[in-house]
Amino acid sequence: NAGVTQTPKFQVLKTGQSMTLQCAQDMNHEYMSWYRQDPGMGLRLIHYSVGAGITDQGEVPNGYNVSRSTTEDFPLRLLSAAPSQTSVYFCASRHTSGDTGELFFGEGSRLTVL
Amino acid sequence: QQPVQSPQAVILREGEDAVINCSSSKALYSVHWYRQKHGEAPVFLMILLKGGEQKGHEKISASFNEKKQQSSLYLTASQLSYSGTYFCGTENGYNNNDMRFGAGTRLTVKP
């Protein structure tokens, strides 16, 4: 199993450009989520999904869109990038049932917006 | 709402102990603990689901006080490999699916 795979690992954008961060998991997890990590702020939840066709907002959703057309994929879209979106982005997944609750994280995508 | 972690940073010598605390202003259903090495993804350590429950992972254990809405992570006889940033993640209900993380505690273990 590859686990959670994120692409790209690094990206530099200019203000106003759009891009999509890709996330795929091969563990048949119902739940997938996106976090951003900034120095001193920990991990902040952007959006999450509990299954195909279902998405919901986390604590910092503004400026980001998501969709979940398949169980495996959960892309994060930045429609008009801003310098404040410079961050490291992590995708994570887990099963929604059962008590283990372990979140599996991808390796992260480092985004710089100039 | 993000849980509050303390301390922000700890420096230890090998073999020393440390405690990292995590508290929430809302009732908790579960507390997760993760460790992140520099430049890597967070890695799951343990989850605590019931009040007063203590769980262990090698020489790392944790407790969960449901009434006080707090959890503590205990690192005993620390090793160099324990260095990293520790995060607690909290959920307020079963299948809440909205896990919030604390700002992290940076632990440095020196020889």
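Computed from a predicted model, the values in this text were never measured in an experiment.

Draft legend 1. Local environment of the overall build of chain A. Within chain A, the secondary structure is distributed over 0 helices and 11 strands. The order of α-helices and β-strands along chain A, N terminus first, is β-β-β-β-β-β-β-β-β-β-β. Taken against the 2.2 N^0.38 rule, which gives 13 Å for 114 residues, the C-alpha radius of gyration of chain A at 13 Å falls within 12% of a compact globule. In terms of principal-axis extent, the alpha carbons of chain A reach across some 40 × 30 × 25 Å. Here chain A holds 114 residues, and 49% of them are scored as buried. Total accessible area on chain A stands at roughly 5200 Å², and carbon and sulfur atoms take up 50% of it. Looking at chain A, you have 8 positive and 10 negative side-chain charges, and the mean spots of the two groups are 12 Å apart.

Draft legend 2. Examining the interface of chain B and chain A more closely. At the interface, 23 residues of chain B touch 25 residues of chain A. Overall, the association of chain B and chain A removes approximately 1800 Å² of surface from exposure, summing both partners, and the carbon and sulfur fraction of that is 52%. Three residues, Pro42(B), Asn97(B) and Phe101(B), lead the burial of chain B against chain A; their summed loss comes to 28% of the area buried on that side. Applying the counting criterion to the chain B and chain A interface returns 2 salt bridges. Across the chain B-chain A interface, the total number found is 5 residue pairs in polar contact (both at pLDDT 80 or more). When contributions to the side of chain B that touches chain A are tallied by element, the ones reaching two or more residues are β4 (30-36), β5 (43-48), β9 (84-91) and β10 (100-101) of chain B. No other element matches the 3 residues that β4(B) contributes to the side of chain B that touches chain A. Of the residues belonging to the side of chain B that touches chain A, the class tally is 12 nonpolar, 7 polar and 4 charged.

Draft legend 3. Looking closely at the side chain of Gln6(A). All names here are of chain A. If you trace the backbone, Gln-6 turns up in strand β1 (residues 4-7). Classification of Gln-6 as buried rests on a relative accessible area of 3%. At 2.9 Å, the side chain of Gln-6 forms a polar contact with the backbone oxygen of Tyr-89. In this structure the side chain of Gln-6 is engaged in a polar contact, spanning 2.9 Å, whose partner is the backbone nitrogen of Cys-91.

Draft legend 4. Broad picture of the confidence of the model for chain B. Mean pLDDT over chain B works out to 89, with 90% of the residues at or above the 70 mark. Predicted confidence in chain B is weakest over strand β6 (residues 54-57) of chain B, with a mean pLDDT of 67, and strongest over strand β3 (residues 18-23) of chain B, with 97.

Draft legend 5. View of the environment of Ala2(A). With respect to the helices and strands, the residue Ala2(A) is situated in the segment before β1. C-alpha separation for the pair Ala2(A) and Phe105(A), spaced 103 residues apart in sequence, amounts to 11 Å.

Draft legend 6. Broad picture of the pairing of strand β9 (residues 87-94) of chain A. All names here are of chain A. Where burial is concerned, most of β9 is hidden: 8 out of the 8 residues are buried. The two faces of β9 match: Ser-87, Tyr-89, Cys-91 and Ser-93 on one face and Val-88, Phe-90, Ala-92 and Arg-94 on the other face are all buried. Judged from the 7 bridges that link them, strand β4 (residues 31-38) and β9 form a sheet pairing that is antiparallel. For Arg-36, the partnering residue across the bridge sits in β9 and is Tyr-89. Sheet topology places β9 next to strand β11 (residues 109-113); 3 bridges connect them, and they run antiparallel. Its bridge partner lying in β11, Ser-87 is registered against Leu-111. Sheet topology places β9 next to strand β10 (residues 104-105); 2 bridges connect them, and they run antiparallel. Bridging from a neighbouring strand, Ser-93 pairs with Phe-104 of β10.

The rules behind each value
Residues numbered from 1 in each chain as written. Chains lettered and ligands numbered in written order. Predicted model: local features only at pLDDT ≥ 70, side-chain atom pairs only at ≥ 80, totals over all residues. Heavy atoms only, no water. Helix = DSSP H or I, 4+ residues; strand = E, 2+ residues; numbered from the N terminus. Rg over C-alpha atoms; globule rule 2.2 N^0.38 Å. Buried < 20%, exposed > 50% of the residue type's maximum accessible area, 1.4 Å probe, protein only. Areas by Shrake-Rupley, 256 points an atom, 1.4 Å probe, with all protein chains shown as cover. Lys, Arg positive; Asp, Glu negative; His and termini not counted. Charge placed at Lys NZ, Arg CZ, Asp CG, Glu CD. Contact = heavy atoms within 4.5 Å. Buried area = accessible area lost by both parts, 1.4 Å probe. Salt bridge = Lys/Arg side-chain N within 4 Å of Asp/Glu carboxyl O. Polar contact = N/O pair within 3.5 Å; in protein donor to acceptor, adjacent residues only side chain to side chain. Nonpolar A, V, L, I, M, F, W, Y, C, P; charged D, E, K, R; others polar. pLDDT = per-residue confidence, 0-100. Pairing = 2+ DSSP bridges.

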